[in-house]
Amino acid sequence: SFLMSARATTIERPSSLETHRDEDGNLRVRLRGSWTVEAGGVALEEARKTMAGAARVTLDGEALEGWDSVLVQAILVFRREARDRGLPFDLIGIDPGAVRLADLAEAVPEKDDARRQEARSDFLTGIGLAAAQVSANLRSTTHFLGELTLSALRRLSGHGFYRGQDLLLMLRRTGVEALGITALVAFLLGLILAFIGAIQLEKFGATIFVADLVGIGMVRDMGALMTGIVMAGRSGAAFAAEIGSMKATNEIDALETNGISPIDFLVLPRVIAITAMMPFLTVFADVVGVFGGGFVSWAMLDISPSLYFQQTSGAVTLTHFFSGLVKGAAYGLLVCVAGCMRGLEAKESSLAVGAAATSAVVTAIVWIIAACGLFQFVSYVLGL
């Protein structure tokens, strides 16, 4: 409630009302108990219906024990209903403070857009709104990619500007500091792949091919894929939050006022850093994942480490290796684009910063999965 109780705050009885109509058609509505938020409200619709056919309406508050904004709302409801029906309206025993607040509420006209308009919920409207949202997202993404391309060209021609120390900081944050979580996820993923392969291959007495499954799976696809997803949750969200916070504190406006492009100064060093570090993180994840599969093979399948790694080296080719590197760099680019774009799109509030970080993670993961599917299709068509 936006009002403090103007009478005693002790609630003796819950809010209630009684209606009485005399022989002349005069309707008296008696309010009883505490008309406060804590005491609970009263449905006023039934009481309003009793006003039909009345000659005069009187709102009696002699039995009130406490009030807040609930009473003010009741006064407004009965007064407006009486006015709409053309009935005289009287107040008896109502605290003058509540009456003044009701008068003040009626004195200020309601804005035309104060009430939320109910959106149509039919199926075709939903399809149209979804299509409009997709179209807007495509336009904003295309515009951002165009700006990023122009920024890269400016940098190549020597006209772009960002600080070298910012690039070094981003290289450290997206590279060295990400090794721990990457190693953990990759090792567990190697364990999972080995367990999945062992369950099926043991039926045919071909457990040695667990090494092929883990090696090819990690090097060709899963190492880059899981590293990209980890970086989406780690670096993509951080980029969106950082840039969104800078926008909320008008730092982006300050850069533009001084003639510095936010794309050049903030986005480009992040893109360079994460795109350069993702191949190294992918190789690191591949190695750790293969070791995870080797641990399962040695501990549960009685495959010696030397035999496991010999089988892995024979199965994994340079095509698999370089395919994983290309995918890792592409996933890193997608993560950075999603994070920076959502950060620049954020509204100027703390709530919008959190929403931008969440949207960046979701967008990056969706893009990575879609890109993985596209890579698989291209590999199938090319016979790789």
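Residues numbered from 1 in each chain as written. Predicted model: local features only at pLDDT ≥ 70, side-chain atom pairs only at ≥ 80, totals over all residues. Heavy atoms only, no water.

A separate point is the pairing of strand 2 (residues 26-35). Here six bridges tie strand 1 (residues 16-21) to strand 2, and the two strands are oriented antiparallel to one another. Its bridge partner lying in strand 2, Glu18 is registered against Arg30. In this structure, the hairpin formed by strand 1 and strand 2 is closed by a connection of four residues, where Gly25 is found at a positive phi of approximately 85 degrees. (Pairing = 2+ DSSP bridges. Helix = DSSP H or I, 4+ residues; strand = E, 2+ residues; numbered from the N terminus.)

Bringing the nonpolar core into the picture now. In this structure, Phe144, Leu148, Val267, Ile274, Tyr331, Cys340 and Leu344 are the most contacted members of the largest nonpolar core, which totals 37 residues. The element contributing the most residues to this core is helix 9 (residues 262-300), with ten residues. Apart from the residues within four sequence positions on either side, Cys340 is in contact with Phe144, Phe239, Ile243, Val267 and Arg270. Judged by nonpolar contacts, the second largest core, of 23 residues, contains Val29, Met51, Leu87 and Ala98. (Core = buried A, V, L, I, M, F, W, Y, C linked by side-chain atoms within 4.5 Å. Buried < 20%, exposed > 50% of the residue type's maximum accessible area, 1.4 Å probe, protein only. Contact = heavy atoms within 4.5 Å.)

Taken together, the side chains of Ile181, Leu184, Phe187, Leu188, Val287, Phe291, Phe295, Trp298 and Phe309 define a hydrophobic patch exposed on the protein surface, amounting to about 840 Å² of accessible area. Only helix 6 (179-201) and helix 9 provide two or more residues apiece to the nonpolar patch. When you line up the elements, Phe291 lands in helix 9. Looking at Phe291, the relative accessible area reads 47%, which means it is partly exposed. (Patch = residues over 30% accessible without salt bridge, like charges linked within 9 Å, V, L, I, M, F, W, Y side chains within 5 Å. Areas by Shrake-Rupley, 256 points an atom, 1.4 Å probe, with all protein chains shown as cover. Salt bridge = Lys/Arg side-chain N within 4 Å of Asp/Glu carboxyl O.)

Let us look at the sheet that holds strand 4 (residues 89-92). Spatially, 1-2-3-4 is the arrangement adopted by the four strands of the open sheet, whose pairing is mixed. In this open sheet, the two edge strands, each paired with only one partner strand, are strand 1 and strand 4. Within this sheet the neighbouring strands show an average axis-to-axis angle of 20 degrees, counted without direction. (Axes fitted to C-alpha atoms, helices over the stretch in contact; angles between N-to-C directions.)

Running from N to C, helix 7 (residues 210-248) and helix 11 (residues 318-345) point in directions that differ by 20 degrees, and their axes come no closer than 7 Å. What the angle tells us is that helix 7 and helix 11 run roughly parallel. The crossing of helix 7 and helix 11 is right-handed. Among the residues making up the contact of helix 7 with helix 11, the classes are represented as 15 nonpolar, nine polar and six charged. (Parallel < 35°, antiparallel > 145°, perpendicular 65-115°, else oblique. Left-handed = near helix turned anticlockwise from the far one by under 90°. Nonpolar A, V, L, I, M, F, W, Y, C, P; charged D, E, K, R; others polar.)

Let us now look at unusual backbone geometry. For Asn250, which is not glycine, the phi torsion reads 65 degrees and is therefore positive. In this structure, Asn250 sits in the loop between helix 7 and helix 8 (251-257). For Asn250, a relative accessible area of 40% translates into the label partly exposed.

Counted by the stated rule, this structure contains eleven salt bridges. With its nearest N and O atoms 2.8 Å apart, the salt bridge here joins Arg56 to Asp90. Taken together, the residues Arg56 in strand 3 (residues 56-67) and Asp90 in strand 4 connect sequence positions 34 residues apart. Here Arg56 falls in the partly exposed class, since its relative accessible area comes to 33%. A residue is classified by how much of its surface remains accessible, and Asp90, at 27% relative accessible area, is partly exposed. Here Glu177 makes a salt bridge to Arg234, at a shortest N to O gap of 3.6 Å. Within this pair, whereas Glu177 is found in the loop between helix 5 (164-174) and helix 6, its partner Arg234 is found in helix 7, the two being separated by 57 residues in sequence. You can call Glu177 partly exposed: its relative accessible area is 38%.

Function-wise, these values are silent; they only describe arrangement.
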